[in-house]
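Below, each chain spelled out in residue letters.
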Amino acid sequence: MRRAIYPGSFDPVTNGHLDVIERARKLFDEVIVAVAHNDQKQPFFPLEQRLELLRATIGGADHVRVEPLDGLLVEFAVQQNAIAVVRGLRAVSDFEFEFQMALMNRKLESSVETIFLMPKEEYTYLSSRIVKEIARLGGDIASFVPPHVVEAIARRQKR
Ligand code: ADP
């Protein structure tokens, strides 16, 4: 069983994340999408809702699971018997941070490899942060995120 962990904040999930999940699904028998609590950043959506939005989007897709992630990523990976951590790489700007994380994770746990997947070109400029910014300014986000997320952001903004 070749299992991979795809960790992130997913605040909220975007079409870029979904593209990475699809690519990872082709390479591994199972992909666990691990949603970080992220206490440092004040999230837009609480953890429970980020999990819900991902689950609603991915639905019953085979070989994908959505789980909360608390604590060290490599410990979670070992616990889950995963052989790899998947990260998305959009641009050179992602590289420095990702490179540092990958090497640090290798130092902490040498049995887990990090692999990087590039999304479709049209998603290379897409991030959860920019989607929230466009929505805040009244722009249309329907082509960047799944429908559930468009609705959740709209509901959130009405509050
Ligand atoms: P984090 O807070 O860990 O950056 P994100 O939820 O923003 O979490 O992203 C999780 C992972 O998905 C990261 O590896 C990030 O580079 C990747 N990612 C985010 N948006 C995209 C996208 N549009 N295309 C490809 N990868 C992406």
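Residues numbered from 1 in each chain as written. Predicted model: local features only at pLDDT ≥ 70, side-chain atom pairs only at ≥ 80, totals over all residues. Heavy atoms only, no water.

(A) The overall build of the protein chain, seen in detail. Counting secondary structure elements, the protein chain contains six helices and five strands. Listed N to C, the secondary structure of the protein chain is β-α-β-α-β-α-β-α-β-α-α in terms of helices and strands. Against the 2.2 N^0.38 benchmark of 15 Å for 159 residues, the protein chain shows a C-alpha radius of gyration of 15 Å, consistent with a compact globule. C-alpha extents for the protein chain along the principal axes are approximately 45 × 35 × 30 Å. For the protein chain, the share of sequence-separated contacts (at least 6 apart) that also reach a separation of at least 24 residues comes to 76%. Looking at the protein chain as shown, the accessible area adds up to about 9,300 Å², and 52% of this sits on carbon and sulfur atoms. Side chains of the protein chain carry 21 positive and 22 negative charges; the gap between the two charge centres is 3 Å. (Helix = DSSP H or I, 4+ residues; strand = E, 2+ residues; numbered from the N terminus. Rg over C-alpha atoms; globule rule 2.2 N^0.38 Å. Contact = heavy atoms within 4.5 Å. Areas by Shrake-Rupley, 256 points an atom, 1.4 Å probe, with all protein chains shown as cover. Lys, Arg positive; Asp, Glu negative; His and termini not counted. Charge placed at Lys NZ, Arg CZ, Asp CG, Glu CD.)

(B) Expanded view of the packing of aromatic side chains. Across all of its chains, the model carries three aromatic pairs by this definition. Ring geometry for F95 versus F99: centroids 5.1 Å apart, planes at 20°, classification stacked. On the criterion of helical spacing, the pair formed by F95 and F99 is a turn pair, its members being four residues apart in helix α4 (residues 92-108). When its relative accessible area of 43% is taken as the criterion, F99 is described as partly exposed. Against the face of F44 rests R156, its NZ or CZ located 4.9 Å from the ring centre. (Phe/Tyr/Trp six-rings, centres within 6.5 Å; stacked < 30°, edge-to-face > 60°. Buried < 20%, exposed > 50% of the residue type's maximum accessible area, 1.4 Å probe, protein only. Lys NZ or Arg CZ within 6 Å of the ring centre and 35° of its normal.)

(C) Broad picture of the site of the ligand. Of all residues adjacent to the ligand, which total 16 residues, the nearest are Y6, S9, F10, G88 and Y123. One of the side-chain N or O atoms of Y6 is found 2.7 Å from an oxygen atom in the ligand. When the ligand sits alone it has 550 Å² of accessible area, and the protein chains cover 88% of it. Elements with a contribution of two residues or more to the shell around the ligand: β1 (3-8), α1 (15-27) and β4 (84-88). Considering only residue class, the shell around the ligand consists of seven nonpolar, five polar and four charged. (Near = heavy atom within 4 Å. Polar contact = N/O pair within 3.5 Å; in protein donor to acceptor, adjacent residues only side chain to side chain. Nonpolar A, V, L, I, M, F, W, Y, C, P; charged D, E, K, R; others polar.)

(D) Focus on α1. In a regular helix each residue adds 1.5 Å, so 13 residues correspond to 18 Å; α1 covers 19 Å between its end C-alpha atoms and thus fits that length. Among the residues of α1, those classed as buried are N15, G16, H17, D19, V20, I21 and A24. The distance from a side-chain oxygen at the start of α1 to the backbone nitrogen of G16 is 3.1 Å, and the residue carrying that oxygen is T14. (Expected span 1.5 Å × (residues − 1).)

(E) Structural context of the pairing of strand β3 (residues 64-69). As judged from the six bridges shared by strand β2 (residues 30-36) and β3, these two strands associate in the parallel manner. Among the inter-strand pairings, V35 is bridged to a residue of β3, identified as P68. Viewed along the sheet, the connection from β2 through helix α2 (residues 47-58) into β3 turns out right-handed. (Pairing = 2+ DSSP bridges. Right-handed = clockwise from strand over helix to strand, strands pointing away.)

(F) Layout of unusual backbone geometry. Cis geometry is adopted by the peptide bond preceding P12, which originates at D11 and carries an omega value of 0°. Even without glycine at this site, F10 takes up a positive phi of about 45°. By secondary structure assignment, the location of F10 is in the loop between β1 and α1. For F10, a relative accessible area of 2% puts it in the buried group. A positive phi is found at N81, a non-glycine position, where the angle reads about 60°.

That is the geometry; function is a separate question.
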